[in-house]
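Here is how the chains run, residue by residue.
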Amino acid sequence: MLSQTAKDLFAKLGMEYPAVALKFCYAQPEGVEHIGKTLSFCEFVKEAQTTGKKFFITKEDDNCFGKMVLGMIDKPGLGASGQAGYDFGVFKSPAPNARLYNVMTTIVPGSVNFVVFCPIAMCDFDPDLVICVAETEQAEILMRATSYISGDLWETKCSSVLSCAWMYSYPYVSGKVNSCITGLHHGMKRRKTYPAGRHIIAIPYQKLHEVVQALEEMPWELIAMKEDPESKAELKARMDRWQTMSPDFLLKE
C-alpha cells in the first residue's frame, strides 16, 4: 500500500492537478464505484483530479483508444490501416500512422478488464502507475528524482497520436518512467484536456519506491540555484575543495 510519506511528498509538490494512482485489474475491484460516464482514457485521469473521487472504468466507458492499448479490445482495422491519422492531417499518408500500430506497446489482450483511478491522497492500494501533471519547476524535481539514486537516463517515447500507448501501457510493461508535454498530442489537444506546456509524467510501480525515496532524501532546490549569501559561500567552499582533490595539488604537497 502506498505510504503516507509518499502521499505527503507528492502533495508537497503543489501540483495544480494532483497525482493520480492507477491500478489495472482482471477482476472487478471491490469497494470501488463505477464511473458511470463515458470519456477518453486521458480524461479519466483529469476526472479523478478534479472530482477527488476514486472510481473504476471498463472498456464500455472509454470512447477513445485507451481500451485498445490496455488490451481490452482488438486493434481496429480502420485505425490500424492509418486512414484516420491521414484524414485528420496528422500524417502525409496512412503508412506512417499504420506503422505505429506495429511498434506501440500494448498489454496482453484480456488481462486488464477494469482500471481504477484514484487521487494519490486517498490511495489505499499499491499503484501500477502514478500519473503526475506538472509545471516545469515541479517536473524538474520529479524527473531528477527518477535518476537521483539510479542514474537512469531520461528517455521520452511518444508519438503525435496514441499518446495513451506511451503514457499508460509502455511504462507499465517496460518499467521505465515516461513523459510527454501537453499541447503536442492530437487527442488531448483536441479535447483540451490540459493547458498546453504541462509535463505528464508516468511513474510505473517498478520505479515508484525509488522516486519516493529520492524525493525524501534529495535537495529539491539545488545549491547552485540559490541566491542567498550563505548558499553562495557554501558552494564556493565546496568548489574550492576541488583544488585539494586534484592530482596536481597532491604532487605539490
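These remarks concern the structure in this document.

How each quantity is defined
Residues numbered from 1 in each chain as written. Predicted model: local features only at pLDDT ≥ 70, side-chain atom pairs only at ≥ 80, totals over all residues. Heavy atoms only, no water. Phe/Tyr/Trp six-rings, centres within 6.5 Å; stacked < 30°, edge-to-face > 60°. Helix = DSSP H or I, 4+ residues; strand = E, 2+ residues; numbered from the N terminus. Buried < 20%, exposed > 50% of the residue type's maximum accessible area, 1.4 Å probe, protein only. Lys NZ or Arg CZ within 6 Å of the ring centre and 35° of its normal. Contact = heavy atoms within 4.5 Å. Pairing = 2+ DSSP bridges. Arc of directions from axis to C-beta. 1 Å grid on protein atoms, 1.4 Å probe; cavity = no way out; pocket = protein on both sides within 12 Å on 5 of 7 lines; lining within 4 Å. Points joined across faces, edges and corners; volume = space filled by probe spheres on them. Nonpolar A, V, L, I, M, F, W, Y, C, P; charged D, E, K, R; others polar. Patch = residues over 30% accessible without salt bridge, like charges linked within 9 Å, V, L, I, M, F, W, Y side chains within 5 Å. Areas by Shrake-Rupley, 256 points an atom, 1.4 Å probe, with all protein chains shown as cover. Salt bridge = Lys/Arg side-chain N within 4 Å of Asp/Glu carboxyl O.

To describe a pair of aromatic rings, one takes the distance between the centres and the angle between the planes. All chains considered together, the criterion is met by 10 aromatic pairs. Taken together, a centroid distance of 5.0 Å and an interplanar angle of 85 degrees make the contact between F24 and Y172 edge-to-face. You can see F24 sitting in strand β1 (residues 17-25) and its partner Y172 sitting in helix α8 (residues 163-174), a full 148 residues away along the chain. A relative accessible area of 24% means that Y172 is categorised as partly exposed. Measuring from centroid to centroid gives 5.5 Å for F55 and F117, while their planes differ by 20 degrees, and the two rings are stacked. In this pair, F55 sits in strand β3 (residues 55-57) while F117 sits in strand β4 (residues 114-119), placing the two residues 62 residues apart along the sequence. Comparing F55 with F117, the two get one shared label, buried. The rings of F41, F44, F55, F117 and Y168 are connected pair by pair, giving a single aromatic cluster. In this arrangement the basic side chain of R190 is found over the ring face of F88, its NZ or CZ atom lying 5.1 Å from the centre.

Our next topic: the side chain of T105. In this structure, T105 sits in the loop between α6 (94-103) and β4. Not counting the four nearest positions on each side in its chain, T105 is found in contact with V69, A165, W166, S169, Y170 and V173.

Quick look at the pairing of strand β5 (residues 129-134) now. Along any regular strand, the residues point their side chains to alternate faces of the sheet. Among the six residues that make up β5, six are buried, leaving the element largely enclosed by the rest of the structure. Note: β1 against β5, four bridges, orientation antiparallel. The partner of Y17 across the bridge, within β5, is V133. Relative to strand β7 (residues 199-204), β5 runs antiparallel, the two sharing six bridges. Bridge pairing links C132 to I201 in β7.

The set of residues buried in α6 consists of N97, A98, L100 and Y101. For α6, the buried positions fall inside an angular range of 140 degrees around the axis, keeping them on one side. In α6, the exposed positions angled more than 90 degrees off the buried face are occupied by A95, R99 and N102. Packed against the buried residues of α6 are α3 (66-69), α4 (77-81) and α5 (83-87).

The next point concerns the layout of surface pockets. Approximately 460 Å³ is the volume attributed to the largest pocket. The wall of the largest pocket is formed by 26 residues, among which C64, F65, V161, L162 and G187 lie closest to the centre. Among the secondary structure elements, those contributing two or more residues to the lining of the largest pocket are α2 (41-51), α5, α6, α8 and α9 (186-191). Considering each element in turn, the lining of the largest pocket owes the most residues, five residues, to α9. Residue composition of the lining of the largest pocket, grouped by class: 14 nonpolar, 10 polar and two charged. Here the second largest pocket defines a volume of roughly 210 Å³. Considering the residues around the second largest pocket, the lining is formed by 14 residues, among which L2, S3, L208, H209 and V212 are closest to the centre. It is helix α10 (residues 205-217) that provides the largest number of residues to the lining of the second largest pocket, a total of six residues. Residues that form the lining of the second largest pocket fall into these classes: seven nonpolar, three polar and four charged.

Time to look at a nonpolar patch on the surface. Taken together, M239, W242 and M245 make up a surface patch of nonpolar side chains, about 370 Å² in accessible area. Here M239 falls in the partly exposed class, since its relative accessible area comes to 37%.

In the structure shown here, the tally under the stated rule is 11 salt bridges. In this structure, the salt-bridge partner of K232 is E227, at a minimum N-O distance of 3.3 Å. In this structure K232 comes out as partly exposed when scored by relative accessible area, which is 44%. What makes E227 exposed here is its relative accessible area of 60%. For D240, the salt bridge goes to K236, with nearest N and O atoms at 2.9 Å. You can see D240 and its partner K236 sitting in helix α11 (residues 229-245), four residues apart, about one turn around the helix. Judged by relative accessible area, D240 falls into the partly exposed class, the value being 40%.

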